[in-house]
Amino acid sequence: MSEGAIAAAAGAEPTKRDFIHIMAGAMAVGLVGGIAWPFIDEMNPSADTLALASIEVDYGKTPLGQQIVVKWRGKPVFIRHRTPQEIAEAVAGDSADLRDPARDEDRHKPGMAEWLIVIGVCTHLGCVPTFGGGKYHGWFCPCHGSVYDTSGRIRSGPAPKNLYLPDYSFLSKSKVKIG
Ligand code: FES
């Protein structure tokens, strides 16, 4: 994570400290149960939110098969380093009967299938999904049981949409700009 992202995430507001604790716990035990993520009022972004319009993240040291979580515009973003098996399962899912149809190749940058970047907010009611649960080996939302595949597409449960994709661009082999 860039210094800017860390500094932003380590601000003095209680909600930001809460975020650090939540994410630290999630990465340590791989479980965040029933945590509703507060949505930002997009129509009236605070000065703080505007300041985080874009962040640069050092993602290059993320081990294969793991993810890092960064805060962007008040929401968690998952940067996942996908294994060949995860990618294969995602591509195989292209031909499934998808609730929110999308090809895996349209959910990552060209030639960058190893890296999937999604907003880590369940599209049902806003909980933070955890990775590794559910039939499709992607993300699982413990609040009401939504299951996402390794492309972040909704496959079962009440969520109506796939995990959203943030705007981002790769600046180098180890740095990505989100926003
Ligand atoms: Fe994720 Fe309801 S908030 S399933």
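Refer to the preceding data block for the structure.
Residues numbered from 1 in each chain as written. Predicted model: local features only at pLDDT ≥ 70, side-chain atom pairs only at ≥ 80, totals over all residues. Heavy atoms only, no water.

K.L.:
Break down the overall build of the protein for me, with residues and values.
P.N.:
The helix and strand inventory of the protein stands at four helices and ten strands. Considering the protein as a whole, with its 179 residues, one finds that 44% of them fall into the buried category. Across the protein, every contact between residues at least 6 apart in sequence was considered, and the portion connecting residues at least 24 apart equals 58%. Here the protein displays about 8,900 Å² of accessible surface, and carbon together with sulfur accounts for 58% of that area. (Helix = DSSP H or I, 4+ residues; strand = E, 2+ residues; numbered from the N terminus. Buried < 20%, exposed > 50% of the residue type's maximum accessible area, 1.4 Å probe, protein only. Contact = heavy atoms within 4.5 Å. Areas by Shrake-Rupley, 256 points an atom, 1.4 Å probe, with all protein chains shown as cover.)

K.L.:
Which residues make up the packing of aromatic side chains, and what are the values?
P.N.:
The relative placement of two aromatic rings is captured by the distance of their centres and the angle of their planes. Scanning the entire structure with this criterion turns up five aromatic pairs. Taking 5.8 Å as the distance between ring centres and 10° as the angle between the ring planes, the aromatic pair formed by Phe-78 and Trp-139 counts as stacked. In this pair, Phe-78 is assigned in strand S3 (residues 75–81) and Trp-139 in strand S6 (residues 137–141), connecting sequence segments 61 residues apart. Neither Phe-78 nor Trp-139 differs from the other in exposure class; each is buried. (Phe/Tyr/Trp six-rings, centres within 6.5 Å; stacked < 30°, edge-to-face > 60°.)

K.L.:
Please give an account of the nonpolar core that cites residues and values.
P.N.:
Counting 15 residues, the largest nonpolar core has Val-57, Val-70, Val-77, Ile-79, Val-176 and Ile-178 as the members making the most contacts within it. The set of elements that each furnish at least two residues to this core consists of strand S1 (55–58), strand S2 (67–72), S3, strand S4 (115–119) and strand S10 (175–178). In this structure, Val-77 is in contact with Ile-68, Val-69, Val-70, Trp-72, Ile-117, Val-118, Ile-119, Gly-120, Pro-166 and Ile-178, ignoring residues within four places of it in sequence. Within the second largest apolar cluster, 13 residues are counted, among which are Phe-78, Val-118, Trp-139 and Tyr-148. (Core = buried A, V, L, I, M, F, W, Y, C linked by side-chain atoms within 4.5 Å.)

K.L.:
An account of the side chain of Ser-151 is requested, with residue identities and associated values reported.
P.N.:
Here Ser-151 shows up in the loop between strand S7 (146–149) and strand S8 (154–156). In contact with Ser-151, not counting residues within four places along its chain, are Arg-82, Ala-90, Asp-104, Arg-107 and Leu-116.

K.L.:
For the state of the cysteines, give the residues involved together with the corresponding values.
P.N.:
Taken as a whole and assessed by the stated rule, the structure comprises one disulfide. Disulfide partner of Cys-127: Cys-143, at an S-S distance of 1.8 Å. Between Cys-127 and Cys-143, the S-S torsion sits near -95°, and that sign places the bridge as left-handed. In this pair, Cys-127 sits in the loop between S4 and strand S5 (130–131) while Cys-143 sits in the loop between S6 and S7, placing the two residues 16 residues apart along the sequence. On the basis of relative accessibility, which here comes to 6%, the residue Cys-127 falls in the buried class. A relative accessible area of 24% means that Cys-143 is categorised as partly exposed. (Disulfide = S-S within 2.5 Å.)

K.L.:
Explain the sheet that holds S2 to me, and be specific about the residues and the numbers.
P.N.:
The sheet built from three strands is open, its strands ordered S2-S3-S4 with antiparallel pairing. One side of each edge strand has no neighbouring strand; the edge strands of this open sheet are S2 and S4. Taken pair by pair, the neighbouring strands of this sheet meet at an average axis angle of 20°, ignoring direction. As paired strands, S3 and S4 are joined by five bridges and run antiparallel to one another. Bridging across to S4, Phe-78 finds its partner in Val-118. (Pairing = 2+ DSSP bridges. Axes fitted to C-alpha atoms, helices over the stretch in contact; angles between N-to-C directions.)

K.L.:
Break down the sheet that holds S5 for me, with residues and values.
P.N.:
Overall, antiparallel pairing links the four strands, which are arranged S5-S6-S7-S8 in an open sheet. Every other strand in the sheet has two partners, leaving S5 and S8 as the edge strands with one partner each. With two bridges joining them, S7 and S8 adopt antiparallel strand pairing. Note that in S8 the partner of Tyr-148 across the bridge is Ile-154.

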